[in-house]
Amino acid sequence: SNHKPITPRYNGLRSNYAGQRVSLEKYPDPTAFGWKFTGSVQASLVEFFEKKMNIGGFVKLDFYYTTRTIKTVLHHPTSGKNQL
């Protein structure tokens, strides 16, 4: 099923950033590039996004908005998870 568990990744809550987010001009929100916002963990300074792939499957993106760090994991339709 496509039901997503209610975890911080899918809590739908944006961070308030507390003035700590890197420049939006230099580091635009991933939604500007077709990513869907799904949730955040304020204490970890991270926001979560997903994007469906035209090959099937999807990619999860974790954006650590104070350090400009991203983590991506491909959920391939037949091969399963692969960290990118």
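The structure we're discussing is the one just above.
Residues numbered from 1 in each chain as written. Predicted model: local features only at pLDDT ≥ 70, side-chain atom pairs only at ≥ 80, totals over all residues. Heavy atoms only, no water.

Draft legend 1. Spotlight on the overall build of the protein. Along the protein, the regular secondary structure elements total zero helices and five strands. Secondary structure elements of the protein, listed N to C terminal, follow the sequence β-β-β-β-β. For 84 residues, the compact-globule estimate of 2.2 N^0.38 gives 12 Å, and the protein sits close to it at 13 Å. Across its three principal directions, the C-alpha atoms of the protein cover 40 × 25 × 20 Å. (Helix = DSSP H or I, 4+ residues; strand = E, 2+ residues; numbered from the N terminus. Rg over C-alpha atoms; globule rule 2.2 N^0.38 Å.)

Draft legend 2. Expanded view of the pairing of strand β2 (residues 46-52). Counting buried residues along β2, five of its seven residues qualify, which places the element largely inside the surrounding structure. Relative to β2, strand β1 (residues 36-41) runs antiparallel, the two sharing five bridges. Looking at β2, one finds that Ser40 is bridged to Glu47. One ladder, built from seven bridges, connects β2 with strand β3 (residues 58-64); its direction is antiparallel. Residue pairing across strands places Lys52 opposite Phe58, the latter belonging to β3. (Buried < 20%, exposed > 50% of the residue type's maximum accessible area, 1.4 Å probe, protein only. Pairing = 2+ DSSP bridges.)

Draft legend 3. Summary view of the pairing of β3. When you tally the buried positions in β3, you get five out of seven residues, the bulk of the element. Here β2 folds back onto β3, and the loop between the two strands holds five residues, one of which, Gly56, carries a positive phi near 100 degrees. Sheet topology places β3 next to strand β4 (residues 69-76); seven bridges connect them, and they run antiparallel. Residue pairing for β4: Phe58 is matched across the bridge by His75. Connecting β3 to the next strand, β4, in antiparallel fashion are four residues, including Arg68 with a positive phi near 65 degrees.

Draft legend 4. Expanded view of the pattern of salt bridges. For the structure on display, the rule yields three salt bridges. Between Arg14 and Glu47 there is a salt bridge; the shortest N-O distance is 3.0 Å. A residue pair is termed long-range when its members are at least 10 positions apart, and Arg14 in the segment before β1 and Glu47 in strand β2 qualify at 33 residues. One connected set of salt bridges, linked through shared partners, spans Arg14, Asp29 and Glu47. (Salt bridge = Lys/Arg side-chain N within 4 Å of Asp/Glu carboxyl O.)

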